[in-house]
2 protein chains.
Amino acid sequence: MASDEGTGSDGGARRRFSRPARLVDLAEHSGYSIKTISRVLNNEPYVSERTRAEVMKSVHELGYVADHRARSLRTTGSRSGYVGLIVPDMRNGFFADLANAVEKRVSAAGQTLLLGISDESTAKEAKYLDVFRQNRIEMLMAVPAGSDALTRFSEQVPTVVLDRMQPGLEDAVDFVTANNRESARALTSHLIRAHGLERVLMVAGEKEISSVRERQAGYYEAMREAGLQPAVTDQHLTLPDAEAGALEMMRSLAAPFGVFSTGSRMYWAAMSAAARLGTVVPRDVAAATFDGSGSLGVAGPLPTQAQLPVATMVARAFQLVTERALEPDRAPRTVTVECDIEYGMTCGCMDPSSAGPLVIRTGR
Amino acid sequence: MASDEGTGSDGGARRRFSRPARLVDLAEHSGYSIKTISRVLNNEPYVSERTRAEVMKSVHELGYVADHRARSLRTTGSRSGYVGLIVPDMRNGFFADLANAVEKRVSAAGQTLLLGISDESTAKEAKYLDVFRQNRIEMLMAVPAGSDALTRFSEQVPTVVLDRMQPGLEDAVDFVTANNRESARALTSHLIRAHGLERVLMVAGEKEISSVRERQAGYYEAMREAGLQPAVTDQHLTLPDAEAGALEMMRSLAAPFGVFSTGSRMYWAAMSAAARLGTVVPRDVAAATFDGSGSLGVAGPLPTQAQLPVATMVARAFQLVTERALEPDRAPRTVTVECDIEYGMTCGCMDPSSAGPLVIRTGR
DNA sequence: TTGAAAGCGCTAACAC
DNA sequence: GTGTTAGCGCTTTCAA
């Protein structure tokens, strides 16, 4: 298990996490009044250089750091400096990317990020909305789990919703989503038209989440347009589950055929099934997929994929929510950003023998 | 680009983000005094049921939510309820995992998570330390970027450092690291002893970070023990760079040989190079690697790998930092947790024909 | 140029 | 049971 080893060379009572110094302490230490010190700290005018220097000396000696709570409580408008972010799961590469991008914006704006992870639970989401309101966050960015507490919340705090739509909220908050349906339709159509496939299978997961549901809708649309019969295996939550579903469907299809998958997990499931059947990509199976975080290509042939433009989405979201903070009464907007579609090796557009990565051959 | 579409059906001034209600507002609304209301809100005794009910009615009608800043400022010990977390980069799966696990602990403890991302920059790290101190976080968990401001910080706030050691800090803060060196040695030794390889190559990235450096040290140790000559390509920051390096080294080695890689990126680089040379895994090239976040297996043959036990590390870290908050003067401890070593298909221990995933065959 | 007092929104200590 | 007062650490009046 885990092994402890005390590394301290000096034992005994060394510190006590002394209570942070306050303005009064600085006043006592420097001999100036509280207000003068406050002036120095806030770079206000009408302080002599000598005073300023002496006060700063005390500041350093006592290691003074202002208490943000007290300051923000009193300061005009009582702005907290907090921005809240709620994502469903940080292990999902897309949400991690999102959090990363959000942090950059937030810190660049001199704000501090409060992070909540909802685990796709409406209860946890509602809990965080409550906590965030207690903390008087100035704005919220959220990939919603579906709690209806969000409606009330958005009436009190500038809110922008990312990645997913939420029914009944379109007229209440700003949204930034990707054109999931159109991109899915484009990918599927590409398999059909550009590669002349008459059979295109879809491997899909849950359909409770709007963005994923839209991708499924896009697939159906493309198939309908082409007058083709949809072939779908869906509702898969785990990878092995999806793989089994894909395998079963693929057996019934004669090569060549296409596969559209709604996300990276579904993509790996599809590829795994294809491999198990001994098919060759893209000759026998042409694949196209959605990818949340763009980490797909490193581990296999460069996929033909639609990627969500995280940076763009976050930038737009910030713009929207900032504008809403300034103009609370403007009509809510829904911004749809376009996915980056990359035509890679798995559909046959890019030559597999070209610079692309990785076909691990295994065997004895 | 992006298309805006105003979706609001009702234009015009609908809301104004009204200033949140305060206790005074509740007092006015309900006719009770501020203190009585405070009592109700804090579930204190000596309040009649009737009063309680009436106050709660006002609370709901006004949508009252207590201001955490004011409350925490006044409340005993002025505890903030904040826990700070600093990670270098959320796009790295291991750190995302870590953040996920930390959030669970923090929220379970009823605390709120302040997130900082350092981008491996000591300046950004120092900035966050400052911000966190202003916000009076109760404890800090950090994967350090190397700022020496951390030393002073750890004297003021209970701090635990995760994943990496930092020179000069061992006697100041608690650490939770993995046995990187030993696991690297074990993996390398395994390739040498169990699979009878006389040549084992290492593909490695940067060596500024202690955990990664330790892995390299483990490799050298195993090679020395076996009386073998190290063969190393390192200092690679990008994947293509690492791949080129691996390719060059592999050309000069006669199969069969082993490859030890220090992380998932280096692993893919090695696999890519192996594929490019037309070798078969594990017959010609036996591979073993470190993996931060356990997402390696889904995309290829199950690798022989050492995985960092994120949940364990976070649990231990929480324990350490909590204990330190209670007993500030105890000697700092360094806890080393063991990596989970999985013997998979890439070294030959597990049969490639068994249930393992994915060999994407590409071709026309 | 500086300082004393009031008050941000809340809870703690003591009245009634 | 309920209300009044003080004060958390800070900024903002206003006076000196």
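As shown above, the structure is provided for reference.
For the structure given in this document, a descriptive report is provided here. (Residues numbered from 1 in each chain as written. Chains lettered and ligands numbered in written order. Predicted model: local features only at pLDDT ≥ 70, side-chain atom pairs only at ≥ 80, totals over all residues. Heavy atoms only, no water.)

**A few points about the protein's contact with DNA strand D**
The full set close to DNA strand D counts 26 residues, and Leu23(A), Lys35(A), Tyr64(A), Arg39(B) and Arg74(B) are the nearest of them. Within 4 Å of the protein, the contacting atoms of DNA strand D are 55% sugar and phosphate, with bases supplying the remainder. Note that a phosphate oxygen of DNA strand D is positioned 3.1 Å from one of the side-chain N or O atoms of Arg19(A). Breaking the surface near DNA strand D down by element, the ones donating at least two residues are helix 2 (34–41) and helix 4 (68–74) of chain A together with helix 2 (34–41) and helix 4 (68–74) of chain B. Taken together, the residues of the surface near DNA strand D break down into nine nonpolar, eight polar and nine charged. (Near = heavy atom within 4 Å. Polar contact = N/O pair within 3.5 Å; in protein donor to acceptor, adjacent residues only side chain to side chain. Helix = DSSP H or I, 4+ residues; strand = E, 2+ residues; numbered from the N terminus. Nonpolar A, V, L, I, M, F, W, Y, C, P; charged D, E, K, R; others polar.)

**A short note on the side chain of Thr262(B)**
With respect to the helices and strands, Thr262(B) occurs in the loop between strand 9 (257–261) and helix 11 (264–276). Once residues within four sequence positions are removed from consideration, Thr262(B) is found in contact with Met202(B), Val203(B), Ala204(B), Gly205(B), Val212(B), Arg215(B), Gln216(B) and Phe290(B). (Contact = heavy atoms within 4.5 Å.)

**Details of the protein's contact with DNA strand C**
Around DNA strand C there are 25 residues in total, and Thr36(A), Arg39(A), Arg74(A), Leu23(B) and Tyr64(B) lie nearest to it. Taken together, the sugar and phosphate atoms account for 60% of what DNA strand C places within 4 Å of the protein. In the environment of DNA strand C, a phosphate oxygen lies 3.0 Å from a nitrogen or oxygen atom belonging to the side chain of Ser33(A). When contributions to the surface near DNA strand C are tallied by element, the ones reaching two or more residues are helix 2 and helix 4 of chain A together with helix 2 and helix 4 of chain B.

**Quick look at the pattern of salt bridges**
Applying the stated criterion to the full structure yields 50 salt bridges over all chains. Residues Glu103(A) and Lys124(B) are paired through a salt bridge, measuring 3.1 Å at the closest nitrogen-oxygen approach. Highlighted residues: Glu103(A) in helix 5 (residues 93–108) and Lys124(B) in helix 6 (residues 122–134), drawn from two different chains. Of the residues examined, Lys124(B) reaches a relative accessible area of 23% and is grouped as partly exposed. The salt bridge involving Asp174(B) is made with Arg324(B); its shortest N-O contact spans 2.7 Å. Here Asp174(B) is found in strand 6 (residues 174–178), whereas its partner Arg324(B) is found in helix 12 (residues 310–326), with 150 residues between them in sequence. Both residues of the pair, Asp174(B) and Arg324(B), count as buried. One connected set of salt bridges, linked through shared partners, spans Arg181(A), Glu182(A), Arg185(A), Glu214(A), Glu221(A) and Glu225(A). (Salt bridge = Lys/Arg side-chain N within 4 Å of Asp/Glu carboxyl O. Buried < 20%, exposed > 50% of the residue type's maximum accessible area, 1.4 Å probe, protein only.)

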